[in-house]
Every structure is written in C-alpha cells, then in structure tokens.
Amino acid sequence: QGVEPYVTLHHFDTPDALHSQGDFLNQHTIDSFVKYAAFCFEEYKDEVSYWITFNEIWPVTSGQYLVGKFPPAITYDFSKTLQGQHNMMVAHAKAIKLFKDNQYEGEIGIIHSLETKYPYEGKKENEHAAFLYDVLANKFLLDATYKGYYTKEVMDAVNEILLANNGEIHITEEDLAHLDAAKDLNDFLGINYYQSNFVKAYDGDNDIHHNGTGEKGTSVFALHGVGEQMFDMDIPRNDWDWLIYPDGLRDQMIRVAKEYPNYKKIYVTENGMGYKDDFNTELIDDTPRIDYIRKHLIACTEAIDAGVNVAGYFVWSLMDVFSWSNGYNKRYGLFYVDFDTQERYPKKSAYWWKQLNENRDLSSNDIG
C-alpha cells in the first residue's frame with residue numbers, strides 16, 4: 001500500500017531472559033542489543049530504510065526505577081534511573097556506529113520523549129528545580145546523543161540529584177568514547193510529545209501517584225532534591241490530567257536546534273490525545289482530539305518558521321491500541337476499536353485527518 005516503515009528496535013520490550021538479569025543495568029544486555037541490531041540491519045536491509053534504536057529512554061527507566069509502573073517496579077532509585085539511561089545511550093551509540101560502519105543504506109536515529117520543564121508561576125526560586133528536572137528527563141539524554149559527553153553543567157545537576165538521594169553513577173572513559181564516536185551520526189531525532197510540566201522547588205520526601213485510571217486530580221509527581229510538578233494552572237488537560245500545552249513542543253524543538261546544532265532533522269514521532277471516546281456507530285465525535293492535533297501541528301509550523309528542520313509528523317495513533325500502563329481504557333486512535341469483536345470504526349478525527357492531508361488547511365476542526 002505504499003507505506004514506508006520506520007522500524008523501532010526497542011520499545012519497552014527487552015526480552016525477559018535479559019530483563020530479569022538487570023535489563024540495561026547489565027553490560028551483557030548492551031552487547032546483546034548491539035548483536036540484535038546487527039542481525040536486524042542485515043536481515044531487513046532490502047525492506048527497511050529508516051531505523052530507530054530506542055523509543056523513550058526516560059519513560060522506560062523512570063517507569064522501572066522511579067515510578068514503579070513498569071517491571072521490576074522499583075521506586076525512587078535515582079542511581080538505577082540515571083545509570084539505565086546512560087547504558088541505553090551507550091547501546092544506541094554502538095548500534096548506530098555499526099550501522100554507519102557497515103554502510104547500510106537508509107537513515108538511523110533515536111526517539112526521546114521530551115517534556116518541556118517550566119518554572120512554576122515563572123518564579124525565580126523555581127527555575128533551578130525546573131532545570132534539575134530538565135537535566136534528569138531531557139538534557140542528560142540530549143547531551144549523550146549530540147555532544148558525546150555530559151557537560152559540567154549537566155553533571156553538576158546529576159551529582160546534586162544523586163547526592164540528595166544517596167545515589168551514584170558509573171561512567172567510564174570507554175563509555176564516553178562510544179558516545180563521542182556516534183554524536184554526529186544521528187540522521188534524525190524523534191520527539192514524542194504529549195505534555196509539558198510546570199515545576200516548583202521541593203525538598204520533601206519522594207511522592208508519586210501514577211494516574212493509571214484517568215481519575216481527575218489524583219496525579220502527584222514530587223522528587224526529593226529535584227522538584228514538584230504542579231497541576232493547578234489554568235491550562236486545559238486531557239482525560240488523564242495531562243496538560244494540553246502545544247507551546248511546549250515548539251519550545252522544545254527550538255531548544256534542540258539552538259543547543260545541539262549538529263542535529264540534522266526532527267520528526268515528531270508520537271503526538272496525540274488520550275481520550276475517553278463516546279462510542280457511536282454513526283459518528284464518534286472526538287473533536288477535542290482534532291483540536292489537540294491541529295494545535296500541535298501549528299506548533300510544528302511555528303518551529304519551522306523559527307528555523308528548525310522539522311521533517312515529519314506521526315500522529316499517535318492510527319487505531320486504539322494497548323497503552324503500556326493504562327491497559328485498553330485509554331484511547332488514542334483515529335479509528336475506534338471494539339476490543340471484543342476487533343471491529344474498527346472511523347472517528348471524526350479520521351475524516352478530518354484525511355481531509356487535512358488533502359488540503360493542508362489547519363484553520364478548522366470541522367470536516368467537509
């Protein structure tokens with residue numbers, strides 16, 4: 001059907017035999033990933049032209065070792081969180097170098113989930129908390145991707161976070177050599193974006209409540225020695241209490257282009273709205289989803305106008321699918337799936353998306 005696949009090698013799915021032995025905290029898993037990548041590059045070299053090493057390293061490691069929503073369900077372990085991120089970036093670097101050394105045709109990159117961190121109420125005293133949280137979730141990974149080392153500013157922040165939480169991290173010269181060798185080899189950066197955060201200074205105990213049901217007002221995310229996400233701003237939010245803030249996508253892409261000028265291009269690899277659709281076989285009216293997607297596409301055009309090379313946008317998702325920590329009750333699709341019968345029904349957003357791709361008009365939520 002003329003569909004061009006962009007293949008992700010790792011999307012939260014380390015094989016259990018490796019996961020149970022420490023996942024990417026174990027050097028053996030890094031080596032195994034590189035061997036697996038080598039096999040895939042060779043096996044599918046005639047079918048696949050676009051490769052992604054990892055999807056969302058921060059959500060993986062924070063889900064495993066901070067929030068505890070992913071196996072092995074450990075909470076508030078900053079050492080494992082940061083070490084896992086670093087080790088996965090070493091695996092990425094080794095895989096991308098292998099791809100280039102073997103001169104495979106096509107392109108290769110990585111996907112980071114980048115939520116922009118703003119100081120709560122714009123207050124000076126909250127700026128450092130927002131910076132620490134940005135390092136933990138964004139800048140640590142971006143430095144590894146595009147600088148090939150961690151700047152003093154970033155490592156000072158990492159060490160501040162680890163000191164506050166009795167943690168440590170081990171980064172070897174060999175690791176840094178791998179990162180350095182790959183820093184200019186990324187053909188693209190994928191950005192997954194759903195929300196941004198407003199952060200307040202915080203020095204209380206670690207306290208997280210993962211909102212896995214969509215119950216409004218239950219989300220809590222406060223990290224000792226880092227900061228606390230605030231939820232009382234006058235900003236629209238979706239059915240999972242996530243802030244609907246398209247400006248954060250624009251600001252993040254401009255930030256990447258400014259701070260990492262050796263980036264080549266950006267794809268928005270996931271963006272969409274988790275929503276509790278009202279099922280109706282005549283027409284599933286999901287106008288809020290249309291409005292969400294439209295405003296984030298406008299944010300992309302604003303980034304382009306600011307000089308960012310935004311090469312493409314992937315809506316999440318074509319149809320309702322399993323959501324990793326919310327089961328099947330969180331719907332993202334342009335097509336509604338009856339999970340009992342597997343019947344699919346186009347939502348209003350599906351017709352709007354088709355129309356948008358025909359006329360390129362972002363001025364309206366309506367369908368003709």
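Our structure is the block above this text.
Residues numbered from 1 in each chain as written. Predicted model: local features only at pLDDT ≥ 70, side-chain atom pairs only at ≥ 80, totals over all residues. Heavy atoms only, no water.

Draft legend 1. The arrangement of the sheet that holds strand β1 (residues 6–10) in detail. What the 6 strands build is an open sheet, ordered β1-β2-β3-β5-β10-β11; its pairing is parallel. Only two strands of the sheet have a single partner each, and these edge strands are β1 and β11 (310–315). Averaged over all adjacent pairs, the angle separating strand axes in this sheet is 25°, with direction ignored. Where strand β3 (residues 107–113) and strand β5 (residues 188–192) come together, 5 bridges link them in parallel fashion. Across the sheet, Gly109 pairs through a bridge with Phe188, a residue of β5. Across the face of the sheet, helix α3 (residues 57–65) comes into contact with β2 (50–55) and β3 while running at roughly 45° to β3. (Pairing = 2+ DSSP bridges. Helix = DSSP H or I, 4+ residues; strand = E, 2+ residues; numbered from the N terminus. Axes fitted to C-alpha atoms, helices over the stretch in contact; angles between N-to-C directions. Contact = heavy atoms within 4.5 Å.)

Draft legend 2. Structural context of the packing of helix α4 (residues 78–101) against helix α7 (residues 173–182). Where α4 meets α7, the closest approach of the two axes is 8 Å, and the angle between their N-to-C directions is 50°. With respect to α7, the axis of α4 lies oblique. Of the two elements, α4 crosses α7, and the hand of that crossing is left-handed. Residues His86, Met89, Val90, Ala93, Lys94, Ile96 and Lys97 of α4 lie in contact with α7, whose contacting residues are Asp175, His178, Leu179, Ala181 and Ala182. (Parallel < 35°, antiparallel > 145°, perpendicular 65-115°, else oblique. Left-handed = near helix turned anticlockwise from the far one by under 90°.)

Draft legend 3. Structural detail: the packing of aromatic side chains. Applying the stated rule across the entire model yields 30 aromatic pairs. Seen from their ring centres, Tyr328 and Phe339 are 4.6 Å apart, and the 55° between their planes marks the pair as tilted. Taken together, the residues span a long stretch of sequence, with Tyr328 in the loop between β11 and β12 (335–337) and Phe339 in the loop between β12 and β13 (344–346) at a distance of 11 residues. For Tyr328, a relative accessible area of 46% translates into the label partly exposed. Members of the aromatic cluster, joined through ring pairs, are Phe12, Phe70, Phe322, Trp324, Tyr328 and Phe339. (Phe/Tyr/Trp six-rings, centres within 6.5 Å; stacked < 30°, edge-to-face > 60°. Buried < 20%, exposed > 50% of the residue type's maximum accessible area, 1.4 Å probe, protein only.)

Draft legend 4. Broad picture of the pairing of β3. A large share of β3 lies buried, amounting to 6 of its 7 residues. Two strands pair when backbone bridges link them, and β2 and β3 are joined in this way by 4 bridges, in the parallel orientation. By the bridge assignment, Tyr50 is partnered in β3 with Glu107.

Draft legend 5. Representation of the side chain of Lys117 in the model. Turning to its location among the elements, Lys117 is positioned in strand β4 (residues 117–119). A residue is classified by how much of its surface remains accessible, and Lys117, at 9% relative accessible area, is buried. Within the structure, Lys117 has its side chain in polar contact with the side chain of Glu115 (distance 3.4 Å). Reaching out from Lys117, the side chain makes a polar contact with the side chain of Asn197 at a distance of 2.4 Å. (Polar contact = N/O pair within 3.5 Å; in protein donor to acceptor, adjacent residues only side chain to side chain.)

Draft legend 6. Representation of the pattern of salt bridges in the model. For the structure on display, the rule yields 26 salt bridges. Of the charged contacts in the structure, one is a salt bridge between Asp134 and Arg255, with a shortest N-O distance of 2.7 Å. On the criterion of sequence distance, the pair formed by Asp134 in helix α5 (residues 127–146) and Arg255 in helix α8 (residues 247–259) is long-range, its members being 121 residues apart. Taken as a pair, Asp134 and Arg255 share a single burial class, namely buried. (Salt bridge = Lys/Arg side-chain N within 4 Å of Asp/Glu carboxyl O.)

Draft legend 7. Quick look at the side chain of Arg255. A residue is classified by how much of its surface remains accessible, and Arg255, at 14% relative accessible area, is buried. With residues up to four places along the chain from it excluded, the contact list for Arg255 reads Asp134, Asn138, Lys139, Leu142 and Tyr260.

Draft legend 8. Expanded view of the sheet that holds strand β9 (residues 227–229). A sheet is described by the order of its strands in space; here 5 strands give the open sequence β4-β6-β9-β8-β7, paired in mixed fashion. Edge positions in the open sheet fall to β4 and β7 (207–209), since each of these has one partner strand only. Sheet twist, expressed as the mean angle between neighbouring strand axes with direction ignored, is 30°. Across 2 bridges, the pairing between strand β8 (residues 220–223) and β9 is antiparallel. Bridge pairing in β9 links Leu223 to Gly227.

Draft legend 9. The packing of α4 against helix α6 (residues 152–164), seen in detail. The N-to-C vectors of α4 and α6 enclose an angle of 150°; their axes lie 9 Å apart at closest approach. Our classification of the angle between α4 and α6 gives roughly antiparallel. Contacts between α4 and α6 involve Phe78, Ser79 and Leu82 from the former and Val158, Ile161 and Leu162 from the latter. The class makeup of the residues in the contact of α4 with α6 is 5 nonpolar, 1 polar and no charged. (Nonpolar A, V, L, I, M, F, W, Y, C, P; charged D, E, K, R; others polar.)

Draft legend 10. Inspection of a negative patch on the surface at higher detail. A cluster of acidic residues, Glu43, Asp46, Glu47 and Glu105, forms a negative patch on the protein surface. By secondary structure assignment, the location of Asp46 is in the loop between α2 (27–43) and β2. Looking at Asp46, the relative accessible area reads 68%, which means it is exposed. (Patch = residues over 30% accessible without salt bridge, like charges linked within 9 Å, V, L, I, M, F, W, Y side chains within 5 Å. Areas by Shrake-Rupley, 256 points an atom, 1.4 Å probe, with all protein chains shown as cover. Lys, Arg positive; Asp, Glu negative; His and termini not counted. Charge placed at Lys NZ, Arg CZ, Asp CG, Glu CD.)

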